[in-house]
Amino acid sequence: MAAKIRKGDRVVVTTGKDKGKKGEVLRVYPDDSRVLVAGINVVKKHQKQSQKQQGGIVTKEAPIHVSNVAHIDPKSGNPTRVGFKTLADGRKVRVAAKSGESIDV
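Residues numbered from 1 in each chain as written. Predicted model: local features only at pLDDT ≥ 70, side-chain atom pairs only at ≥ 80, totals over all residues. Heavy atoms only, no water.

**Q** What is the right way to look at the side chain of Asp73 in this model?
**A** Of note, Asp73 is situated in the loop between strand 7 (69–72) and strand 8 (79–80). Within the buried set, Asp73 has no salt-bridge partner at all; the shortest N-O distance to an opposite charge, 6.7 Å, is to Lys98. Side chain to side chain, Asp73 and Ser99 meet in a polar contact 2.9 Å long. Setting aside its immediate chain neighbours within four residues, Asp73 contacts Asn78, Thr80, Ala96, Lys98 and Ser99. (Helix = DSSP H or I, 4+ residues; strand = E, 2+ residues; numbered from the N terminus. Buried < 20%, exposed > 50% of the residue type's maximum accessible area, 1.4 Å probe, protein only. Lys, Arg positive; Asp, Glu negative; His and termini not counted. Salt bridge = Lys/Arg side-chain N within 4 Å of Asp/Glu carboxyl O. Polar contact = N/O pair within 3.5 Å; in protein donor to acceptor, adjacent residues only side chain to side chain. Contact = heavy atoms within 4.5 Å.)

Next comes the structure, spelled out in structure tokens:
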């Protein structure tokens, strides 16, 4: 089954403390139904010092559930659902439900 949200997609957060913020998907965790979005759900973590990195309090993004993000429509910039369409040459592409614009390039 094809994933509706993939790495590199532009998404907007629909619920939670970061509602309304936009960002790019950095990583997808399909087994947990979570995505890592740049600048979203930033948490502070107490990091123990290692040979490679300094110890202390570091800020990093935590994964957010995929149901709490929505694609950004390439035409209007508003949140949209994602559908699939099969092209004449047989390729299956993702399309924005509101505008019908193709998300895959």
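So that's the structure; there's more coming.
**Q** I keep staring at the sheet that holds strand 3 (residues 34–37) and nothing clicks. Help me out?
**A** By definition, the strands of a sheet pair up through backbone hydrogen bonds, in either a parallel or an antiparallel sense. The strand order across the open sheet formed by 6 strands is 6-3-2-1-7-8, and the pairing between neighbours is antiparallel. In this open sheet, the two edge strands, each paired with only one partner strand, are strand 6 (64–65) and strand 8. By the bridge criterion, 4 bridges tie strand 2 (residues 22–29) to strand 3 in an arrangement that is antiparallel. Across the sheet, Val28 pairs through a bridge with Val35, a residue of strand 3. (Pairing = 2+ DSSP bridges.)

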